[in-house]
Amino acid sequence: MLEGKKIVLGICGSIAAYKAAILVRLLVKAGAEVQVVMTADAVSFITPLTLSTLSKKPVLVNYFEPNTGTWNNHVKLGLWADLFLIAPASANTLAKMANGQCDNLLTAAYLSAKCPVYFAPAMDLDMWRHPSALNNVQKLLSYNNILIQPGTGELASGLHGEGRMAEPEEILAFITIDIAKTLPLTGKQILVTAGPTYEAIDPVRFIGNHSSGKMGFAIAHEIAEQGAIVTLVTGPTALTARHPAIKRVDVTSAAEMLEACLVHFENADACVMSAAVADYTPVTVSEQKIKKQDDGFCIDLKKTIDILKVLGERKRKGQFLIGFALETQNEEQNAIDKLKKKNLDLIILNSLNDNGAGFKLDTNKITIIDSNLEKTTFDTKSKTEVAVDICRKLIALMQ
Ligand code: CTP
């Protein structure tokens, strides 16, 4: 959820600032780019060196850097952020934020930010309960800033009560769940297939194809990024699915892929069938390794079941089906024929005649055709970018 997100992490003068080191580490590990901005008092609690080492970026504290004479542009900083997180947020900084005061870099950047703002207060229980602090929190909520509720426990003062900053793990979980709520595919279950299938000839040989699985894995990742729970049914590939919302199901043959798809399509809202499924499989699989013969050698093949066609026949109202067509001639007409024959909502056409399209490459060039035969042609792009285009079409379809 946080992969590639630009986060400004504001750290205020509170003993909870020591936990900011763990928070930075967690955010960076989740794939975020973190720019730490500290108030002058925060620097007394934790060194900028610790935080710049963990965030791999210089920490900003001042409007002006006294050593270099450079100006830290608060407006640029605020607009750069995809997400603004203030943790720990002290009573003083909350008051400034609530009242538009901006006498330091952090509060000035806050006023310029257009992105979602989360704040995790940290203060002693009586400060937290004080009507002015509660009033400031209410004001911030009215600005659509998002409160990460403080916890209850022993406080730095030795008193016991509410006011300690939420733990870094809780902050990460809160933000991740909150972002997921607003994504276009939240609550959807989507089946994606990827990779080749291997059709066994004997215990050591098989018929396969050159599919790397890159396109299908990129699609699964992007769909998960948009909030869906993804079941990724994949043929043999060395790739790793890194998103927590992707549940991977490994299969080898077309028959195994069919079986897995039938199970998971039942509850799916959509299926993107990007696997390169074998069209034929040996009639019999030799139990023993087949020995070399003097002359030529023939293998009897039978047709595999067309998984996409079966899913197209089972498709219920409200379910959406996307297929691929890899063509070398009469590309568009062949793709349209497949779209109709398999009862698809979209077909993604790749032509092997296009440079930058095909198996194993990191790029692809696609044309998407919908059931009204409207087509959209895209430039050659990385498979990650192509996955974004496909996902956008899927979202438009499902909305
Ligand atoms: N497909 C499938 N099951 C098969 C073969 C293909 O589900 N046994 C799916 C692929 O995942 C892809 C689409 O069908 O989404 C198109 O596959 P392709 O091999 O290009 O088309 P075919 O229908 O097999 O036609 P042809 O081989 O004649 O081009």
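None of the values given here were measured: they were computed from a predicted structure.

Peer 1: Any chance you could explain the overall build of the chain here in plain terms?
Peer 2: A tally of helices and strands in the chain yields 14 helices and 21 strands. Here the C-alpha radius of gyration of the chain, 27 Å, is well above what a compact globule of 399 residues would show, namely 21 Å. Buried positions account for 49% of the 399 residues belonging to the chain. Of the contacts formed within the chain by residues at least 6 apart in sequence, a portion of 65% connects residues at least 24 apart.

Peer 1: Where do I start with helix α6 (residues 105-112) in this structure?
Peer 2: Working note: α-helix, 3.6 residues per turn, so residues spaced by three or four point in the same direction. Burial analysis of α6 places seven of its eight residues in the buried class, which makes it a mostly covered element. Among the residues of α6, the N-terminal cap falls to Asn 104, whose side-chain oxygen and the backbone nitrogen of Leu 106 are separated by 3.3 Å.

Peer 1: Any chance you could explain helix α1 (residues 20-29) here in plain terms?
Peer 2: Within α1, seven of the ten residues are buried, leaving the element largely enclosed by the surrounding structure. Looking only at α1, the buried set comprises Ala 20, Ala 21, Leu 23, Val 24, Leu 26, Leu 27 and Val 28. Residues of α1 that are buried sit in contact with β1 (6-11), β2 (33-38), α3 (48-55), β3 (83-89) and α9 (168-181). Backbone geometry just after α1 places Gly 31 at a positive phi near 100 degrees.

Peer 1: Help me out: how do you make sense of the environment of Ala 228 in this one?
Peer 2: Its location among the elements puts Ala 228 in the loop between α10 (214-225) and β11 (229-234). For Ala 228, a relative accessible area of 1% corresponds to the buried category. In this structure the C-alpha to C-alpha distance between Ala 228 and Ile 190, which are 38 residues apart in sequence, comes to 6.6 Å. With residues up to four places along the chain from it excluded, the contact list for Ala 228 reads Leu 185, Thr 186, Lys 188, Ile 190, Ile 223 and Ala 245.

Peer 1: What is the right way to read the sheet that holds β1 from this model?
Peer 2: Two modes of strand pairing occur in sheets, parallel and antiparallel, and in both the strands are linked by backbone hydrogen bonds. Ordered by their spatial adjacency, five strands build an open sheet running β2-β1-β3-β4-β5, and the pairing between neighbours is parallel. Only two strands of the sheet have a single partner each, and these edge strands are β2 and β5 (146-147). In the sheet, β1 pairs with β2 via six bridges, with the strands oriented parallel. Bridge pairing links Lys 6 to Glu 33 in β2. Of the strands in this sheet, β1, β2 and β3 are in contact with α1, which crosses β1 at around 175 degrees.

Peer 1: Is there a simple way to explain the packing of aromatic side chains in this structure?
Peer 2: Within a pair of aromatic rings, the relevant descriptors are the distance that separates the centres and the angle that separates the planes. The full count for this structure, using the stated rule, is three aromatic pairs. Arranged with centres 6.3 Å apart and planes meeting at 75 degrees, the rings of Phe 84 and Tyr 110 form a pair that is edge-to-face. Placement of the pair is Phe 84 in strand β3 and Tyr 110 in helix α6, with a sequence separation of 26 residues. Relative accessible area serves as the criterion here: at 0%, Phe 84 is assigned to the buried category. Plain terms: the ring middles of Tyr 118 and Phe 174 are 6.3 Å apart, the flat faces sit at 85 degrees to each other, and that makes the pair edge-to-face. Residue Tyr 118 is found in strand β4 (residues 117-121), and its partner Phe 174 is found in helix α9; the two are separated by 56 residues along the sequence. Accessibility expressed as a relative area gives 31% for Phe 174, which makes it partly exposed.

Peer 1: Looking at this structure, I do not really get the site of the ligand. What am I missing?
Peer 2: Around the ligand sit 15 residues in total, of which Met 273, Ala 275, Phe 324, Lys 338 and Lys 342 are the nearest. In the model, an oxygen atom of the ligand is placed 2.8 Å from a nitrogen or oxygen of the Lys 338 side chain. Within the side chain of Lys 342, one N or O atom sits 2.6 Å away from an oxygen atom of the ligand. Notes on the ligand: free accessible area 560 Å², of which the protein chains cover 77%. Counting only elements with at least two residues in the shell around the ligand, the list comes to α12 (307-314) and β16 (320-327). Examining the composition of the shell around the ligand, we find that three residues originate from one element, β16, more than from any other. When the residues that make up the shell around the ligand are grouped by side-chain class, the tally is nine nonpolar, two polar and four charged.

Peer 1: Could you clarify how one ought to interpret the sheet that holds strand β20 (residues 375-377) in this entry?
Peer 2: One open sheet holds the eight strands; their spatial order is β12-β11-β8-β13-β16-β17-β19-β20, and the pairing between them is mixed. With one partner strand each, in any of the chains shown, β12 (246-250) and β20 form the two edges of the open sheet. Pairwise comparison of adjacent strand axes, ignoring direction, gives a mean angle of 15 degrees for this sheet. As defined by bridge partners, strand β8 (residues 189-194) adjoins β11 across six bridges and the pair is classed as parallel. Bridge pairing in β11 places Leu 191 opposite Thr 231.

Peer 1: Even after reading the chapter, I still don't get the pattern of salt bridges, so can you show me in this structure?
Peer 2: In a structure, side chains of opposite charge can pair up when their charged atoms sit close to one another. Under the counting rule described, the total for this entry stands at 17 salt bridges. Of the charged contacts in the structure, one is a salt bridge between Glu 167 and Arg 164, with a shortest N-O distance of 3.4 Å. In this structure, Arg 392 and Asp 389 form a salt bridge, with 3.9 Å as the shortest nitrogen-oxygen distance. Here Asp 389 and Arg 392 lie together in helix α14 (residues 383-398), a separation of three residues that amounts to about one turn. Looking at Arg 392, the relative accessible area reads 55%, which means it is exposed. Taken together, the shared-partner salt bridges connect Lys 19, Arg 164 and Glu 167 into one network.

About the criteria used
- Residue indices follow the written sequence of each chain, beginning from 1 at its first position.
- In keeping with the model being predicted, local features are shown solely for residues with a pLDDT of at least 70 and side-chain atom pairs are shown and tallied solely at 80 or more, while totals for entire chains, interfaces and linings include all residues.
- Just so you know, side-chain values use all the structure's heavy atoms and leave hydrogens and water out.
- Secondary structure elements are defined from DSSP: runs of H or I of at least 4 residues count as helices, runs of E of at least 2 residues count as strands, and each element is numbered from the N terminus.
- Just to be clear, the radius of gyration here is over C-alpha atoms, and the globule rule we use is 2.2 Å times residues to the power 0.38.
- Burial classes: relative accessible area under 20% of the type maximum marks a residue as buried, over 50% as exposed, and values in between as partly exposed (1.4 Å probe, protein chains only).
- Here, two residues are considered to be in contact whenever any of their heavy atoms come within 4.5 Å of each other.
- Residues adjacent in sequence count toward polar contacts only when both atoms are side-chain atoms; beyond that, a polar contact is any pair of N or O atoms within 3.5 Å, and within protein one must be able to donate a hydrogen and the other to accept it.
- Strands are labelled as partners when DSSP assigns at least two bridges between them.
- Every angle, taken between N-to-C directions, lies between 0 and 180 degrees, and every axis is a line fitted to C-alpha atoms, over only the stretch in contact when it is a helix.
- Here the aromatic set is Phe, Tyr and Trp, taking the six-membered ring for Trp, and pairing holds for ring centres within 6.5 Å; pairs whose planes are under 30 degrees apart are stacked, those over 60 apart are edge-to-face, and all others are tilted.
- Note on terminology: near, applied to a residue and a molecule or strand, indicates that one of the residue's heavy atoms is within 4 Å of it.
- Note on areas: Shrake-Rupley, 1.4 Å probe, and residue coverage restricted to the protein chains presented here.
- Classes in brief: Ala, Val, Leu, Ile, Met, Phe, Trp, Tyr, Cys and Pro nonpolar; Asp, Glu, Lys and Arg charged; the others, Gly included, polar.
- In the sections that follow, a salt bridge refers to a side-chain nitrogen of Lys or Arg positioned within 4 Å of a carboxyl oxygen of Asp or Glu.

Purely geometric stuff here, so don't read any function into it on its own.
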